[in-house]
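Here are the chains, one letter per residue:
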Amino acid sequence: MRVDDAVLAYGGGWVDRAGALRADPERVAALLAGPGTRVLALWRDHCLVAGEAPVRLAGDRAAQARAVADEAVFLGLDAGEPVFAVDLSGLTEDAARELAGATGVADVRTLVGGLTPAEAATQAYARGLLHWHRQQRYCGTCGGPTEAREAGHVRRCVAADCGRLFFPRIEPAIIVLVEAPGSPGRCLLARHAGAPEGAYSTLAGFVEVGESLEDAVRREMAEEAGVVVTDVAYQGSQAWPFPAGLMVGFRATAASEEVRVDGQELLEARWFTRAELRERSAAGRPLGRVDSIDHHLLHRWLAEG
Ligand SMILES: [Zn+2]
């Protein structure tokens, strides 16, 4: 059984992206100025919050935020009302908070437990898109400046003899629950360099150029853990725009129980039975971040035996 993507944070298609409107600048400008419009203001990848709730700006505050930001990005329609995002990263934290009427700034990943799935997903969407705008100020071909087009979903080089288009960048990564051959059922978890002592998680890695997702699964498992895997099966995917990820979850079966970590990315990897994982979980050692597909892959597997 696959991971149900409706339960995964940061995705879910809550906002109607209304892509057809992006090509109509006059309509987008009218939406931006409309009375029902809400503007999400972010500051250097952080939500601006009042207490623990991200603020949505309207009226004068929204107009001030638009005036400060380079562009207002059209996110789409939320229950029929237009939603835009603006980046206040050019201000100091104090100035950004004051402009937005916020009391603080916070990473959406620290707020996620208290947000509705729709709010978490919309904040993550805004964060990823605004991050990309900051990284794509210049053309990689001629070095000229770029400007936002398509309501903030494309950037275009302004140099007359260039005009290259740039699209938001997404970096896919695979995350894999590897099962041991035979019984009892066991799965492979690893201690990653830099992770807290005793923290184990599933194996993951970025997809490289010229690879399918399945190629990346086979290569990463071999490189990081010395494990040859078969039966690579897709489980689900998760938006992870921190800053540009797309996590693609798989299961695979190891050809043998032998494990040999690389000692760099992974310090240790070993097989865990379901009983061991339940014990760890009962002892207060969570199985992965609760907002991550890692957590869901493990809990789905635990529920099977
Ligand atoms: Zn150019």
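Before reading on, note that the structure itself is shown above.
Residues numbered from 1 in each chain as written. Predicted model: local features only at pLDDT ≥ 70, side-chain atom pairs only at ≥ 80, totals over all residues. Heavy atoms only, no water.

A tally of regular secondary structure across the protein chain gives eight helices and 16 strands. Dimensions of the protein chain, computed from C-alpha atoms along their principal axes, come out at roughly 65 × 50 × 35 Å. Of all 305 residues assigned to the protein chain, the portion counted as buried reaches 47%. Total accessible area on the protein chain is roughly 14,600 Å²; 51% of this is exposed by carbon and sulfur atoms. Positive and negative side-chain charges of the protein chain, numbering 32 and 42 respectively, have mean locations separated by a distance of 2 Å. (Helix = DSSP H or I, 4+ residues; strand = E, 2+ residues; numbered from the N terminus. Buried < 20%, exposed > 50% of the residue type's maximum accessible area, 1.4 Å probe, protein only. Areas by Shrake-Rupley, 256 points an atom, 1.4 Å probe, with all protein chains shown as cover. Lys, Arg positive; Asp, Glu negative; His and termini not counted. Charge placed at Lys NZ, Arg CZ, Asp CG, Glu CD.)

Attention now moves to helix 7 (residues 274-282). Turning to helix 7, its buried residues number three or more, namely Arg-274, Leu-277 and Arg-280. Looking down the long axis of helix 7, one finds its buried residues gathered within 125° of arc, a one-sided arrangement. Among the exposed residues of helix 7, those pointing more than 90 degrees away from its buried face are Glu-279 and Ala-282. Next to the buried residues of helix 7 lie strand 12 (186-192), strand 16 (266-273) and helix 8 (293-302). Directly beyond the C-terminal end of helix 7, a positive phi value near 90° is found at Gly-284. (Arc of directions from axis to C-beta. Contact = heavy atoms within 4.5 Å.)

Let us now look at the side chain of Arg-127. Considering the arrangement of structural elements, one finds Arg-127 in helix 5 (residues 117-135). Setting aside residues no more than four positions away along its own chain, Arg-127 makes contact with Leu-42, Asp-45, Asp-107, Val-108, Arg-109, Pro-241 and Phe-242.

Turning next to the packing of aromatic side chains. Counting across every chain of the model gives six aromatic pairs. Consider the rings of Tyr-10 and Phe-242, whose centres lie 4.9 Å apart with planes at 80°: the pair is edge-to-face. With Tyr-10 in the segment before helix 1 (25-33) and Phe-242 in the loop between strand 14 (229-240) and strand 15 (245-254), this residue pair connects regions lying 232 residues apart in the sequence. Here the two residues Tyr-10 and Phe-242 agree in accessibility, since each one is buried. With centroids separated by 6.0 Å and ring planes inclined at 75°, the aromatic side chains of Tyr-234 and Phe-250 adopt a geometry described as edge-to-face. (Phe/Tyr/Trp six-rings, centres within 6.5 Å; stacked < 30°, edge-to-face > 60°.)

This next bit is on the coordination of the zinc ion. Surrounding the zinc ion are the protein donor atoms Cys-139 (SG), Cys-142 (SG), Cys-157 (SG) and Cys-162 (SG), at 2.3 to 2.4 Å. Classification of the site at the zinc ion rests on its four donor atoms, whose angles at the metal span 98 to 115°, yielding the label tetrahedral. Every donor residue of the zinc ion comes from the same chain, spaced as C-x2-C-x14-C-x4-C. In this pair, Cys-142 is assigned in the loop between helix 5 and strand 8 (146-149) and Cys-162 in the loop between strand 9 (154-157) and strand 10 (165-166), connecting sequence segments 20 residues apart. Note on Cys-142: relative accessible area 43%, which makes it partly exposed. (Donors = N, O, S within 2.8 Å, 3.2 Å for Na, K, Ca; no water. Tetrahedral: all angles 85-135°; square planar, octahedral: opposite > 155°, others 65-115°.)

Turning our eyes to something else, we now look at helix 5. Taking 1.5 Å as the rise per residue, helix 5 with 19 residues should run 27 Å; its terminal C-alpha atoms sit 27 Å apart, in good agreement. Burial runs high along helix 5: 15 of the 19 residues are buried. (Expected span 1.5 Å × (residues − 1).)

Let's shift gears to the nonpolar core. If you look at the biggest cluster of nonpolar residues, it comprises 30 residues, and the most contacted ones within it are Tyr-10, Cys-187, Leu-189, Leu-277 and Leu-298. Elements supplying a minimum of two residues to this core: strand 2 (46-50), helix 4 (108-111), helix 5, strand 11 (171-179), strand 12 and helix 8. The leading source of residues in this core is helix 8, at five residues. In this view, Leu-298 contacts Leu-177, Cys-187, Leu-189, Thr-202, Leu-277 and Leu-287; residues no more than four positions away in its chain are not counted. Counting residues in hydrophobic clusters, the runner-up holds 25 residues, among them Leu-32, Leu-57, Leu-99 and Ala-151. (Core = buried A, V, L, I, M, F, W, Y, C linked by side-chain atoms within 4.5 Å.)

When two helices pack together, their arrangement is given by the angle between the helix axes and the distance between those axes. Where helix 2 (residues 59-68) meets helix 3 (residues 93-100), the axes come as close as 9 Å, and the angle between the chain directions of the two elements is 145°. Contacts between helix 2 and helix 3 involve Arg-61, Gln-64, Ala-65 and Val-68 on the former and, on the latter, Glu-98, Leu-99 and Ala-100. Taken together, the residues of the contact of helix 2 with helix 3 break down into four nonpolar, one polar and two charged. (Axes fitted to C-alpha atoms, helices over the stretch in contact; angles between N-to-C directions. Nonpolar A, V, L, I, M, F, W, Y, C, P; charged D, E, K, R; others polar.)

A few words now on the sheet that holds strand 10. Read from one edge of the open sheet, three strands run 8-9-10, paired in antiparallel fashion. Two strands in the sheet have a free side with no partner beyond their single neighbour: strand 8 and strand 10. Inspection of the sheet shows strand 8 paired to strand 9 by four bridges, in the antiparallel sense. When the bridges of strand 9 are listed, Ala-148 appears paired with Arg-155. (Pairing = 2+ DSSP bridges.)

Here we take up the environment of Pro-181. Examined against the element boundaries, Pro-181 turns out to sit in the loop between strand 11 and strand 12. Residue classification places Pro-181 among the partly exposed positions, given a relative accessible area of 24%. A sequence separation of 76 residues divides Pro-181 from Glu-257, and the C-alpha atoms of the two residues are 7.1 Å apart. The contacts of Pro-181, once residues within four sequence positions are left out, are Arg-186, Thr-253, Ala-254, Ala-255, Ser-256 and Glu-257.

Throughout the structure, instances matching the rule amount to 24 salt bridges. Arg-191 is the partner of Glu-268 in a salt bridge, and the nearest nitrogen-oxygen pair spans 3.0 Å. Of the two residues, Glu-268 sits in strand 16 while Arg-191 sits in strand 12, which places them 77 residues apart along the sequence. Glu-208 is the salt-bridge partner of Arg-219, the closest N and O atoms lying 3.8 Å from each other. Of this pair, Arg-219 sits in helix 6 (residues 213-225) while Glu-208 sits in the loop between strand 13 (203-206) and helix 6, and the two are 11 residues apart along the sequence. Judged by its relative accessible area of 16%, Arg-219 is buried. (Salt bridge = Lys/Arg side-chain N within 4 Å of Asp/Glu carboxyl O.)

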